[in-house]
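Close look at the chain arrangement
Residues per chain, in single letters:
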Amino acid sequence: MRLLRRLWEIFLVSFKLGCTSFGGPTAHLGYFQNEYVEKRKWLSANDYSQLVALSQFLPGPASSQVGMGIGLLRGGIFGSIISFIGFTLPSVLLLIAFGYFSTHVELSWVHGLKLVAVAIVAQAILDMSRKLISSIWHLIIALSALGVVLLWGHSLSQVLVIGLAALIGFRFIKITKEMNQHVTVVPISKKAGFILLSLFFLLLIGLPAVSPFMQYEWFILIEKFYLSGALVFGGGHVVLPLLEVQFVQSGLMSSSDFITGYGMTQAVPGPLFTFASYIGMMIAGVPGAVIATIAIFLPAFLLIVGAMPFWLALNQFPRLRGAIAGANAAVVGILAAAFFHPIATETIENWLDIVISAIFLWCLMRWKIPPYLLVIIGLCIGIIRY
């Protein structure tokens, strides 16, 4: 009974955060700090900083992984799962509803929503560049990734670019900053962690390997969303180009629907990865949305829970952190490539669209207007003009 009460408490707190956490991953971490560390004292400030550092180290949605980690420390494996469900459920339900609505009603006015998406992705590129491009090697990697992805539109291009960037970072980028050694006891053994990490790599390699022999819609969704979730370095916005390759370039959904959904994702609280719920809804209805949501978050769960028992040991290798820095630099270029095509090319139709998008970007960067308010403004502009 004590465990059930604790799990229920984890769900209620994470659900509240899922309903109120606007502003993207960085803002989410601020909400978590206030709720879990300062208010409820479920973990110390040092443990929280270690958990944030681990989430930045691993691919996947940083804020969701931090929430999963806090759930693990508070309630074990089930606590991690419950924390994930609570935090993602509000945005999943909202995006499923939007996906259903958009397929049954004429939405010619969503062009304003697409213009918001242009500004938000541009801001993400600028912010990530300031944080992740700090040396000539970072810049070379980012520009090379931009060029390769633009010139070679194959679905494997992003995977190969990230892999090569990690190798370059491993060889040439050295991060020697010492990390804090202390962290609380993790309620999961190294053996269990090894099993989860092994499962992550098994699925990463195995799903594409058996894909040619499994032409079922549900399996295609699992494979594409799992791969996208497993290869995201640098924040939630980076999932955009990965999903665009998997679903737009493959012809499973239109570019217009894709950009519209991404814009709408900015208006709901919670993690940006729930964009997958909208895509799954558009392709295969509610079952598709459920499969998409689980598949895209599964890599994050396997990595954060599996890596926590090994974190201190992994964290002591400067070259390994250099490999991650190289991968992060590459995703800046990959996101920039997605900004040029299809986001800008499919959205900007005339000079007025350029002006409106530039004003939106100015509002985000200069006046710090929350993205969800900008979405409302964009929808109003779309209704009036289009």
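Residues numbered from 1 in each chain as written. Predicted model: local features only at pLDDT ≥ 70, side-chain atom pairs only at ≥ 80, totals over all residues. Heavy atoms only, no water.

Focus: the overall build of the protein
Secondary structure assignment for the protein yields 16 helices and zero strands. Against the 2.2 N^0.38 benchmark of 21 Å for 386 residues, the protein shows a C-alpha radius of gyration of 20 Å, consistent with a compact globule. Dimensions along the principal axes, computed over C-alpha positions, put the protein at roughly 55 × 50 × 50 Å. Going through the 386 residues of the protein one by one, you find that 54% of them count as buried. Taking as baseline every contact in the protein between residues at least 6 positions apart, the subset at least 24 positions apart corresponds to 77%. (Helix = DSSP H or I, 4+ residues; strand = E, 2+ residues; numbered from the N terminus. Rg over C-alpha atoms; globule rule 2.2 N^0.38 Å. Buried < 20%, exposed > 50% of the residue type's maximum accessible area, 1.4 Å probe, protein only. Contact = heavy atoms within 4.5 Å.)

Remarks on the environment of E35
Tracing the chain through its elements places E35 in helix α2 (residues 25-39). By relative accessible area, E35 is classed as buried at 5%. Taking the C-alpha atoms as reference, E35 lies 34 Å from F258; in sequence the two are 223 residues apart. Leave out the neighbours within four places in its chain, and E35 touches V13, K16, L17 and R40. Among the polar contacts made by the side chain of E35, one reaches the side chain of K16 at a distance of 3.1 Å. Side-chain polar atoms of E35 contact the side chain of R40, separated by 2.6 Å. (Polar contact = N/O pair within 3.5 Å; in protein donor to acceptor, adjacent residues only side chain to side chain.)

What about helix α12 (residues 275-307)?
The end-to-end C-alpha distance of α12, which contains 33 residues, comes to just 26 Å, noticeably less than the 48 Å that a straight helix rising 1.5 Å per residue would cover. Helix geometry: α12 is bent most strongly at A284, by close to 145°, with proline P287 lying one to four residues after it. Of all the 33 residues making up α12, 24 are buried; the element is thus mostly covered by neighbouring parts of the structure. (Expected span 1.5 Å × (residues − 1). Bend = angle between axes of the 7 residues up to and from the residue.)

Here's the deal with the pattern of salt bridges
As a working rule, side chains carrying opposite charge can pair if their charged atoms are close by. One pass over the structure, following the stated rule, counts six salt bridges. A single network of salt bridges, built from pairs that share partners, joins E9, K16, E35, K39, R40 and R74. (Salt bridge = Lys/Arg side-chain N within 4 Å of Asp/Glu carboxyl O.)

Side note on a nonpolar patch on the surface
Taken together, the side chains of I136, W137, L139, I140, L143, I168 and F172 make up a nonpolar region of the molecular surface, amounting to roughly 620 Å² of accessible area. Examining the composition of the nonpolar patch, we find that five residues originate from one element, helix α6 (residues 136-151), more than from any other. Of note, W137 is situated in helix α6. According to the relative accessible area criterion, W137 is partly exposed, its value standing at 32%. (Patch = residues over 30% accessible without salt bridge, like charges linked within 9 Å, V, L, I, M, F, W, Y side chains within 5 Å. Areas by Shrake-Rupley, 256 points an atom, 1.4 Å probe, with all protein chains shown as cover.)

Section: the packing of helix α9 (residues 217-230) against helix α10 (residues 239-248)
Direction vectors running N to C along α9 and α10 enclose 160°, while the axes themselves pass 9 Å from each other. Of the possible angle classes, the one that applies to α9 and α10 is roughly antiparallel. The chirality of how α9 crosses α10 is right-handed. Mapping the contact onto sequence places L221, K224, F225, L227 and S228 in α9 and L242, L243, Q246 and F247 in α10. The residue inventory of the contact of α9 with α10, partitioned by class, reads six nonpolar, two polar and one charged. (Axes fitted to C-alpha atoms, helices over the stretch in contact; angles between N-to-C directions. Parallel < 35°, antiparallel > 145°, perpendicular 65-115°, else oblique. Left-handed = near helix turned anticlockwise from the far one by under 90°. Nonpolar A, V, L, I, M, F, W, Y, C, P; charged D, E, K, R; others polar.)

As for α10
Counting buried positions along α10 gives ten out of ten residues, so the element sits mostly inside the fold. Along α10, the residues that are buried comprise V239, L240, P241, L242, L243, E244, V245, Q246, F247 and V248. Of the surrounding elements, those touching the buried residues of α10 are α5 (111-132), α7 (157-172), α9, α11 (255-265), α12 and α14 (318-347).

Some words on the packing of α5 against helix α16 (residues 371-385)
Packing of α5 against α16 leaves a shortest axis separation of 7 Å and a crossing angle of 145°. Classified by chirality, the crossing of α16 by α5 is right-handed. Residues G112, L113, V116 and I120 of α5 lie in contact with α16, whose contacting residues are P371, L374, V375, G378, L379 and G382. Among the residues forming the contact of α5 with α16, the class breakdown is seven nonpolar, three polar and no charged.

Examining the nonpolar core
Within the largest apolar cluster, 111 residues are counted, with the highest numbers of intra-cluster contacts made by Y48, F225, L243, F258 and I279. Sorting elements by how many residues they give to this core places α12 first, with 16 residues. Excluding its chain neighbours within four sequence positions, the residues that come into contact with L243 are F225, S228, V248, F258, F275, I279 and I296. (Core = buried A, V, L, I, M, F, W, Y, C linked by side-chain atoms within 4.5 Å.)

Some points on the environment of I120
Along the chain, I120 falls in helix α5. Here I120 falls in the buried class, since its relative accessible area comes to 2%. Counting along the chain gives 38 residues from I120 to Q158, while the straight-line C-alpha distance between them is 21 Å. Discounting residues that sit within four places of it in the chain, I120 has contacts with H237, Q266, L364 and P371.

Some details on the state of the cysteines
The full count for this structure, using the stated rule, is zero disulfides. Sulfur of C380: no disulfide; nearest cysteine sulfur belongs to C363 and is 14 Å away. (Disulfide = S-S within 2.5 Å.)

Section: the side chain of S91
Mapped onto the secondary structure, S91 falls in helix α4 (residues 62-104). Look past the residues within four positions of S91 in its chain and what remains in contact with it is V268, P269, G270, P271 and T274.

Digging into the environment of Y36
Along the chain, Y36 falls in helix α2. Note on Y36: relative accessible area 2%, which makes it buried. Each C-alpha atom of the pair Y36 and S14 lies 9.6 Å from the other, and the pair is 22 residues apart in sequence. Residues within four places of Y36 in sequence aside, it is in contact with V13, S14, L17, K41, W42, L43, I70 and S83.

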